Amino acid sequence: MVNVFKIKKGLDINLVGKAERIKVQKGDSEEFVLSPASFEGVVPKVIVREGEHVDAGQALFVNKQYPEVGFASPVSGTVTEIARGERRKVLHVKISPDTEQKYVDYGIHDVSRMSGAEVKDMLLKAGLFGFMDQLPYAISALPCNKPKAIFVSALRDKPLAADFEFELEGNEADFQTGLTALSKIAKVYLGIGPRQTSAALIGAKDVEINVFSGPCPAGNVGVQINHISPVNKGETVWTADPMVVIFIGRLFNTGKVDLRRIVAVVGSMVENPSYHDVIVGGQIAPLLECRLGDFAECLRIVDGNVLTGRRTTIDGYIGAHTSEITVISEGEEECEFMGWMMPRLNQFSVNRSYFSWLLGKKTYNLDARVKGGERHMIMSGEYDRVIPMDICAEYLIKAIISGDIDKMEELGIYEVAPEDFALAEFVDSSKLELQHIVRSGLDMLRKENA
């Protein structure tokens with residue numbers, strides 16, 4: 001019996017530049033980077049040296065507080081740079097790949113005969129354990145915590161999000177193996193959308209399938225956790241991106257750490273948005289070559305989704321959890337005659353301030369402008385209209401800003417992640433950086449409870 005959850009709160013933002021379901025082959029990456037910034041909460045300790053040769057699947061750095069948690073190299077090759085910032089903070093490890101790739105052989109395993117402890121040890125040994133996240137604190141999963149459940153959301157409904165069903169094609173067996181492996185550790189909940197028809201999703205075994213129907217952010221794993229099994233103080237749940245589940249399945253089916261995936265190159269400033277076969281940590285430049293026209297100086301390139309990704313440059317690298325590279329206009333060159341007095345038929349408005357809502361469902365070409373300055377917080381209920389979670393979002397933000405830890409706990413900070421506030425940040429009249437505020441609150445709470 002499949003459970004169906006109908007989400008009423010939220011907001012779908014239809015943007016120009018969604019990827020077509022076709023793959024385009026672009027040039028190979030000449031170097032790869034694995035950055036600790038892709039793994040929230042990790043204090044890295046590099047265990048390789050410049051000039052050293054590594055195989056794909058060999059750990060490049062470990063979590064200093066939990067040395068058993070390593071992070072696997074995406075390719076085999078020579079370590080060419082260990083970049084450090086202020087106070088010798090590790091920024092990334094750069095690798096020049098071999099012409100012929102070599103993999104660490106971890107052996108093929110039948111997950112149906114393995115115990116949860118054996119699966120966990122295998123993930124730790126192969127450097128894939130840290131690719132999963134956990135609540136509370138929305139950080140990379142820690143091996144000292146036993147989860148009450150593991151959540152996987154295969155529904156991507158953010159603006160311009162990549163279609164996971166397209167990524168899943170050809171990887172169905174690895175996906176099922178990954179789900180079975182995780183089910184040995186704890187009960188697995190798989191969230192899907194009502195329009196997803198892949199047999200690997202609707203017929204997945206060893207999991208509880210839940211269908212989430214409604215506007216964005218129904219696909220957020222935090223929203224799904226809130227509706228199924230909310231996180232209370234003292235409890236832990238793990239979350240895994242569906243592509244990470246495929247990585248895990250490949251490990252057990254082939255004995256190799258294979259971080260190949262499909263990434264969508266999307267956005268209004270991209271010519272012919274499409275999908276590309278890549279390896280985690282590869283260069284962004286080959287994906288955007290000859291696709292940005294004459295406006296390269298006025299573009300916002302985002303490693304990830306337009307609502308939640310990290311700002312990067314054409315010289316940047318694909319993050320460990322990236323499913324799309326988004327390119328939109330900065331908007332600095334825009335000059336709107338008579339400004340807000342015009343009917344703005346091509347402008348998007350949540351509150352129907354423009355006449356564009358009369359034109360029905362259409363796509364919009366939005367840029368990176370904030371269109372207003374930061375101001376005092378307005379208690380207007382804006383957040384609650386787009387956050388379908390049983391929390392008082394505005395009061396939680398105020399508690400974080402004021403540093404009131406007791407109030408933060410009462411208002412449900414243990415069950416939220418920064419991405420759960422992405423839409424609220426988009427509609428916020430006060431122009432507050434809500435995701436940054438939530439991140440700082442989670443870090444404060446984790447430090448206090450350490």
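For the structure, check the block above.
Heads up: these notes are all about the structure in this document. On a predicted model such as this, the values are computed, not experimentally measured, just so you know.

Calculation notes
- Residues numbered from 1 in each chain as written.
- Predicted model: local features only at pLDDT ≥ 70, side-chain atom pairs only at ≥ 80, totals over all residues.
- Heavy atoms only, no water.
- Core = buried A, V, L, I, M, F, W, Y, C linked by side-chain atoms within 4.5 Å.
- Buried < 20%, exposed > 50% of the residue type's maximum accessible area, 1.4 Å probe, protein only.
- Helix = DSSP H or I, 4+ residues; strand = E, 2+ residues; numbered from the N terminus.
- Contact = heavy atoms within 4.5 Å.
- Axes fitted to C-alpha atoms, helices over the stretch in contact; angles between N-to-C directions.
- Parallel < 35°, antiparallel > 145°, perpendicular 65-115°, else oblique.
- Left-handed = near helix turned anticlockwise from the far one by under 90°.
- Nonpolar A, V, L, I, M, F, W, Y, C, P; charged D, E, K, R; others polar.
- Pairing = 2+ DSSP bridges.

**A short note on the nonpolar core**
In step 1: Ranked by size, the top nonpolar core spans 65 residues in total, and within it Leu123, Met132, Phe175, Leu179, Leu190 and Phe252 carry the most contacts.
In step 2: Ranked by residue count, the leading element in this core is helix α6 (residues 242–254), at eight residues.
In step 3: For Leu123, the contacting residues outside a window of four places in its chain are Leu128, Phe129, Met132, Ile248, Leu251 and Phe252.
In step 4: Residues Ile7, Leu11, Leu307 and Ile387 belong to the second largest nonpolar core, which totals 61 residues.

**Regarding the packing of helix α9 (residues 393–402) against helix α12 (residues 434–449)**
In step 1: Where α9 meets α12, the closest approach of the two axes is 9 Å, and the angle between their N-to-C directions is 60 degrees. Classified by the angle their axes make, α9 and α12 are oblique. In the crossing of α9 with α12, the sense of the turn from one axis to the other is left-handed. Across the interface between the two elements, Ile397, Ile400 and Ile401 of α9 pack against Leu434, Ile437, Val438, Ser440, Gly441 and Met444 of α12.
In step 2: The residue makeup of the contact of α9 with α12, split by class, is seven nonpolar, two polar and no charged.

**Side note on the sheet that holds strand β4 (residues 53–54)**
As a general point, the strands of a sheet are linked pairwise by backbone hydrogen bonds and lie either parallel or antiparallel.
In step 1: The sheet built from four strands is open, its strands ordered β2-β8-β7-β4 with antiparallel pairing. Both edges of this open sheet fall to β2 (32–34) and β4, since each of them pairs with a single strand only.
In step 2: By the bridge criterion, three bridges tie β2 to strand β8 (residues 90–97) in an arrangement that is antiparallel. Note that in β8 the partner of Val33 across the bridge is Lys94.

**Side note on the packing of helix α1 (residues 116–126) against α6**
In step 1: Interhelical geometry of α1 versus α6 gives an angle of 100 degrees and a closest axis separation of 11 Å. The angle between α1 and α6 falls in the class roughly perpendicular. Residue-level inspection shows Val119, Met122, Leu123 and Ala126 of α1 in contact with α6, the latter providing Ile248, Leu251 and Phe252.
In step 2: The residue inventory of the contact of α1 with α6, partitioned by class, reads seven nonpolar, no polar and no charged.

**Points about unusual backbone geometry**
In step 1: Cis geometry marks the peptide bond from Leu135 to Pro136, where omega comes out at 10 degrees.
In step 2: Positive phi values are uncommon outside glycine, yet Arg88 reaches one of about 60 degrees.
In step 3: Within the secondary structure, Arg88 is located in the loop between β7 (77–84) and β8.
In step 4: A relative accessible area of 58% places Arg88 in the exposed class.
In step 5: Located in the positive-phi region is Ala138, a residue other than glycine, with phi close to 50 degrees.

Any functional reading would require information beyond the geometric quantities listed.
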